[in-house]
Amino acid sequence: MTKAQPNTAAQQKTGKPYQPALDGLRGIAILGVLLFHTDHLPGGFLGVDLFFALSGYLITELLLREVEATGTVSLVTFWGRRIRRLLPALATVLVGVTVLVWLVATPGMVRTTLADAPWVQLNLMNWHLLAESASYWNSFGQERVFEHLWSIAVEEQFYLVWPVLLLLVTRGVLRVDRRVAVLAAVCSAVSLVLMIVLVSPVDPTRVYTGTDTRAFSLLLGAMVATPWVRAVLARAVDRWAGAALVVLAVGIGAIWAFAAGKESLWLYNGGLFAHSLAAALLIGLCAQTPHALLAKVLAWQPLRWLGLISYSLYLWHWPVIVLLSPERTGLDGWALTAVVCAVSIGLAALSKYLIEDPIRFRAEWARGRKGLVAFVALMAGMAMLWLTLPTPDPPTVDVSNLD
C-alpha cells in the first residue's frame, strides 16, 4: 500500500503545515458514524460533532490566516473553494443514488428520494426534515437514502454565514483573533441556551438537527482555532499536554460508548456542548503538540487515509446501508457491516481520486468565470433531473366495499 500523502496543493496556497493527527481524527469520526449506523456503537453518532468541531476549527484557522495576510476576507474566493471541495462529490452521490433508487427501489423510496433531493441540493435538508416532522431517531432505515445529509446542510449553512460575520468583526481591528474568539464563545452560549429551551423530552430531533441549536459544535472549534485561545490553552496545560490529550480522548470515548441518542436527554441539556468543547480542545492540542503520543497514534497511516476519504465516505455510506439491506443481501451482523464498509470505502476512494481531487486541484475550468458557468449548469441539470424523473403514484385505498 502506498503512503497517503497530505494535500500539498492546499498547503502551498495557505502556508499551513500539514497536521496528520487531524486527518486521523476525521478517520475516528467516520468510524464512529459507520459503527453507529450499523448498530455496533450506541454513541457513534457523536462522530458528527467531531466533524463539526474540526470544520469550525479548520475553516476559522484558514480565514484568520487570510485576514492576517490581506487584512480582509474574500467571500467569493472562500465560497468558490468550498464549492470546488464539496459539490462534485455531493452531486455525484445525489445523481447516482437517485437514478439507482428510481431503477431498483420500492415506489415509496423513489417518492421520498425525489422529494428530498432538491432540499439536499439547496443545503436545507435539515430544515426540510424538521418541516416534515421527520424524527431522526425513528426513521433511519426506512425510506430515506439522503437523511444523513442533514449534517452537510448544517455545515454548508455555517460556511455561508460565518465568513460574513468574520468579515464584519475583523474590519479595522488590530487584535482580530480575540474578537473572533469572543464572538464564537457568545454565539456558542446562545446556541446552547436555544437547545436547552427548545428540546422536547419525547423526541429531541428539533434540537439535534436544527442549525441554530447545533451551531455551538462548529463555533467551539472556531473559538479554539484563534491564536488567543490557543495561547491560553498552551499556558493552561504547559508540559502536561500529552496527559491532557489522553484525558480528553478517554472522556470522549466514554461518551461514545454510553450515549443513547434519543434516550440520553442529558445530551441536550449540556452534554453535547461539553462533548463538542472536549472535541475542540482535543483538536487544538493535537495541532499544537504533534509529537505527543496520542497525536502520533492518530497520525497512523491507515487511520489518516480513512480521514482523507471521510467526506465522500460519509456521503456514500448511508445509501449503501439502505440499499444493501439484510433483505437484499441475506446478511446481518458483522458480515453485513463488512460488506457495507467495503463497498462504501471503495466508492469513497473512487470519488476522491477520480472526481474530488482532480476538480479541486487541477481543473482550470472549475475556477473563475468558467467555474461559475459550470456551477450554474450543474445546478440547473440536477434541478431538471428531479423534475423529469417520473414519480410513482402514491398508494390508493379502495373504500368502495366499506360500509
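This is a predicted model, so every value here is computed, not measured.

A. Inspection of the pattern of salt bridges at higher detail. Counted by the stated rule, this structure contains seven salt bridges. Put simply, Asp49 and Arg214 hold a salt bridge, and the shortest N to O gap is 2.5 Å. With a gap of 165 residues between them, Asp49 in helix H3 (residues 47–70) and Arg214 in helix H11 (residues 211–225) connect regions that are remote in the sequence. Summarising the burial analysis for this pair, Asp49 and Arg214 share the class buried. For Arg85, the salt bridge goes to Glu356, with nearest N and O atoms at 3.0 Å. Highlighted residues: Arg85 in helix H4 (residues 75–104) and Glu356 in helix H19 (residues 333–362), separated in sequence by 271 residues.

B. How the structure looks around the packing of helix H2 (residues 20–37) against helix H16 (residues 301–308). At their nearest, the axes of H2 and H16 sit 7 Å apart, and the two run at 75° to each other. With respect to each other, H2 and H16 are oriented roughly perpendicular. When H2 is examined against H16, the residues Pro20, Asp23, Gly24, Arg26, Gly27, Ile28, Ile30 and Leu31 are found in contact with a partner set consisting of Leu303, Arg304, Leu306, Gly307 and Leu308. Among the residues forming the contact of H2 with H16, the class breakdown is seven nonpolar, three polar and three charged.

C. Representation of the packing of aromatic side chains in the model. Applying the stated criterion across every chain yields a total of ten aromatic pairs. With a centroid separation of 6.1 Å and 90° between ring planes, the pair formed by Phe52 and Trp150 is classed as edge-to-face. In this pair, Phe52 is assigned in helix H3 and Trp150 in helix H8 (residues 150–170), connecting sequence segments 98 residues apart. We classify Phe52 as buried; its relative accessible area is 1%. Among the aromatic residues, those joined into a cluster by ring pairs are Phe36, Phe45, Phe52, Tyr136, Trp150 and Tyr208. The ring of Tyr208 has Arg214 sitting right over it, with the charged end atom 4.6 Å from the ring centre.

D. Molecular detail of a nonpolar patch on the surface. A cluster of nonpolar residues, Val182, Val186, Val190, Val193, Leu194, Val197 and Leu198, forms a patch on the protein surface that exposes about 570 Å² of accessible area. Relative to the assigned elements, Val186 resides in helix H9 (residues 176–198).

E. Molecular detail of the environment of Val199. With respect to the element layout, Val199 can be found in the loop between H9 and helix H10 (205–209). What makes Val199 buried here is its relative accessible area of 18%. It is 24 Å that separates the C-alpha atoms of Val199 and Gly56, two residues lying 143 residues apart in sequence. Contacts of Val199, omitting those with residues within four sequence positions, involve Pro204, Val207, Tyr268 and Asn269.

Rules used throughout
- Residues numbered from 1 in each chain as written.
- Predicted model: local features only at pLDDT ≥ 70, side-chain atom pairs only at ≥ 80, totals over all residues.
- Heavy atoms only, no water.
- Salt bridge = Lys/Arg side-chain N within 4 Å of Asp/Glu carboxyl O.
- Helix = DSSP H or I, 4+ residues; strand = E, 2+ residues; numbered from the N terminus.
- Buried < 20%, exposed > 50% of the residue type's maximum accessible area, 1.4 Å probe, protein only.
- Axes fitted to C-alpha atoms, helices over the stretch in contact; angles between N-to-C directions.
- Parallel < 35°, antiparallel > 145°, perpendicular 65-115°, else oblique.
- Contact = heavy atoms within 4.5 Å.
- Nonpolar A, V, L, I, M, F, W, Y, C, P; charged D, E, K, R; others polar.
- Phe/Tyr/Trp six-rings, centres within 6.5 Å; stacked < 30°, edge-to-face > 60°.
- Lys NZ or Arg CZ within 6 Å of the ring centre and 35° of its normal.
- Patch = residues over 30% accessible without salt bridge, like charges linked within 9 Å, V, L, I, M, F, W, Y side chains within 5 Å.
- Areas by Shrake-Rupley, 256 points an atom, 1.4 Å probe, with all protein chains shown as cover.

All we've got here are geometric facts, nothing functional implied.
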